[in-house]
Amino acid sequence: MIVKALGLLALAAALLPGVPTPPHGPHECANASARCDGSIDVPLDWENSSSERISVAFAWIPAKDADGTVVANLGGPGQTLPAIPEMQRVLGPVLERKNLLVMDPRGMGKSSPPLCPGAGVDKPETIAPCAKSVGPRGAYFTADQASHDLDAIRRALGLGKVSFYGNSYGTLYAQAYAARYPGSLDAIFLDSSVVVDRDGYASWENYWSWGRQFDLVCERSAACDALPGSASGTWTRLVDRLWERPDPEVSVFQTSALNRMSEPVFGREATAAADAYLHGDPAPLHRLARLIPTKLPPANDPYVAGYLGFRCGDGTFPFDRQASATERQTQAERYYERVRPLAPYQITDIFPGIGTVEPCINWPTPRHSPPRPPAQALPAVPVLVMAGELDMNSPTEVTQSLRAFPNATVVRVPFGPHALTSSASPTGDCVRGMLRTFLTTKQVTDQKCTGENYRALGAFPQTVGDVPPHPARKLSTAQRRMLAATFATAADATARRNPNGYFYTRMQNEPGLRGGQVTFGQDIALDGVRFVRDLRVSGPIKLTPDGRATATLRAETGKRTHEVALTWTAFSTRPSLSGTFDGIPFD
């Protein structure tokens with residue numbers, strides 16, 4: 001039956017113009033009962049049947065009594081087969097009843113990569129020589145061609161309709177495939193979507209959206225929103241100050257990493273730390289910067305030619321795709337001088353050593369190859385899109401771009417980062433639950449996933465006298481102020497164990513903001529920690545997986561010692577606090 005079906009498909013391809021010819025006969029993996037790694041030969045140019053043949057590799061992982069197949073791509077663009085264990089973790093029980101099909105995109109991994117030894121996107125002088133060595137072949141390592149490769153594999157395995165799970169760049173592959181093979185899909189799940197412009201090409205402009213993220217996080221906090229001006233404006237003033245007066249403890253490059261609001265500690269502290277720095281208190285910003293390397297490690301991607309083929313061939317840029325490299329350079333420089341999408345940064349602040357504004361300037365794109373052709377109808381299958389508020393593209397931009405799918409549902413995830421389904425966090429657990437339900441039932445069940453479990457700070461007090469008193473009854477004003485300063489010290493330490501975080505999860509210890517030491521183990525141990533200069537706090541903090549914190553602390557000033565017991569919800573936008581202060585209960 002498989003051979004007969006393939007024969008009919010081949011006849012249809014011969015009669016219908018523009019439909020690529022399928023491979024001859026079923027692949028040997030079609031009858032496998034366990035993982036089968038294989039490859040097929042396909043034309044370099046699917047529109048030219050006599051073009052050079054290249055090999056495209058895939059892995060086929062069948063499920064017992066399967067009732068469907070999931071095609072998965074976690075992004076890049078890069079090799080995909082090494083990510084299969086991560087795909088299996090994310091998909092979990094889905095794979096008990098669904099087959100898994102994974103393809104290394106052409107030009108990557110085991111799929112005929114064009115190699116340029118020594119080349120790198122951080123070495124602009126190597127890109128033009130790499131493009132010259134690859135030659136005209138470089139125009140065919142693109143998402144439109146990869147979509148034909150994928151469907152050839154689907155047919156060689158004798159499969160019917162498939163579901164597509166795409167993350168990041170994988171969402172662009174999914175859109176390209178849907179535009180060319182709408183009848184081969186029964187559902188699509190997109191995580192952290194690439195936005196496609198009106199011309200059908202991917203837009204990279206919004207990838208520098210740090211200002212939007214700063215303002216979004218700050219506006220949700222009464223304390224942060226009360227600061228003068230906007231949060232993004234405060235950060236701009238900080239970067240300008242560092243340009244004028246370089247600081248050996250925090251570079252402009254390090255600030256370009258600290259403005260990633262998807263890291264909860266950065267989101268909680270960056271604006272207040274910048275404001276403190278501008279007003280003469282560098283300690284909070286210096287503490288954040290200690291976590292960031294002073295420069296990027298060298299890029300060592302052996303598949304840089306394939307990467308540039310996809311990124312440059314699939315994307316839209318502020319220059320003419322058909323222009324010479326010299327003309328592109330001029331057009332791009334004029335655009336960036338006028339628009340300044342990286343402001344207040346220069347490209348060399350973020351990518352030291354890169355002398356040009358865009359590596360694709362020196363990668364020819366002579367072929368018209370929009371991943372999602374503007375006039376192409378997209379399938380009316382169920383489409384579930386997860387859009388994190390702190391992703392590079394905003395949920396609004398994602399929604400506008402994916403309106404092209406008639407049955408798309410976009411779910412906004414408050415404070416959600418990029419690559420939600422892979423996140424090792426409660427937010428990731430929630431989104432994976434939605435993914436698994438959707439791929440199993442084709443139904444959208446909104447589980448109200450969120451990463452919004454903190455509020456941005458408005459200030460870093462320097463003394464106990466700067467701390468607003470806690471509104472606890474039965475305590476004097478001085479006691480309430482001391483209580484608030486002690487709690488601020490404990491909350492500062494527990495913030496570094498936010499379950500939605502990444503950078504701080506492996507940290508074993510950290511100096512207190514203004515002195516002392518915090519040790520992270522089974523408990524969080526404070527040893528003479530000074531969050532404000534005139535108060536030392538010591539003692540253990542116990543933190544449960546659900547964010548319930550209890551602390552038995554000793555708060556010492558120059559005059560006396562206070563015994564403080566605290567219980568609160570550590571990761572909440574409205575933490576409730578109760579306990580005792582020198583034996584006096586409060587709530």
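See the structure above.
An account of the accompanying structure is given in this report.

Rules used in this analysis
- Residues numbered from 1 in each chain as written.
- Predicted model: local features only at pLDDT ≥ 70, side-chain atom pairs only at ≥ 80, totals over all residues.
- Heavy atoms only, no water.
- Pairing = 2+ DSSP bridges.
- Helix = DSSP H or I, 4+ residues; strand = E, 2+ residues; numbered from the N terminus.
- Right-handed = clockwise from strand over helix to strand, strands pointing away.
- Polar contact = N/O pair within 3.5 Å; in protein donor to acceptor, adjacent residues only side chain to side chain.
- Contact = heavy atoms within 4.5 Å.
- Axes fitted to C-alpha atoms, helices over the stretch in contact; angles between N-to-C directions.

Side note on the pairing of strand β10 (residues 408–413)
Taken together, the 6 bridges between strand β9 (residues 383–388) and β10 define a ladder with parallel strand orientation. From the neighbouring strand, Val-385 faces β10, where its bridge partner is Val-410. One crossover worth recording links β9 to the parallel β10 by way of helix α15 (residues 395–401), and it is right-handed.

Quick look at the side chain of Arg-328
Relative to the elements of secondary structure, Arg-328 occurs in helix α13 (residues 325–339). For Arg-328, the side chain forms a polar contact with the main-chain oxygen of Trp-363, separated by 2.9 Å. Beyond its immediate chain neighbours, meaning those up to four positions away, Arg-328 contacts Phe-319, Asp-320, Arg-321, Ala-323, Cys-360, Ile-361, Trp-363, Pro-364 and Thr-365.

A look at unusual backbone geometry
The amide bond that connects Gly-76 to the next residue, Pro-77, takes the cis arrangement and shows omega of 0°. Assignment of secondary structure puts Pro-77 in the loop between β3 (69–73) and α2 (84–91). For Ser-192, which is not glycine, the phi torsion reads 60° and is therefore positive. Along the chain, Ser-192 falls in the loop between β6 (185–191) and β7 (202–203). Within the chain, Phe-415 stands out as a residue other than glycine whose phi angle is a positive 55°. Here Phe-415 shows up in the loop between β10 and α16 (426–441).

Regarding the sheet that holds strand β1 (residues 36–43)
Read across the open sheet, the 8 strands follow the order β1-β2-β4-β3-β5-β6-β9-β10; overall the sheet is mixed. Each edge of the sheet is formed by a strand with only one pairing partner; in this case those strands are β1 and β10. On average, adjacent strands in this sheet sit at an angle of 20° to one another, irrespective of strand direction. Helix α4 (residues 143–156) contacts β1, β2 (53–61), β3, β4 (99–103) and β5 (162–167) of the sheet and is inclined by roughly 140° relative to β4. Against the sheet, helix α5 (residues 169–180) touches β3, β5 and β6, its axis set at about 145° to β5.

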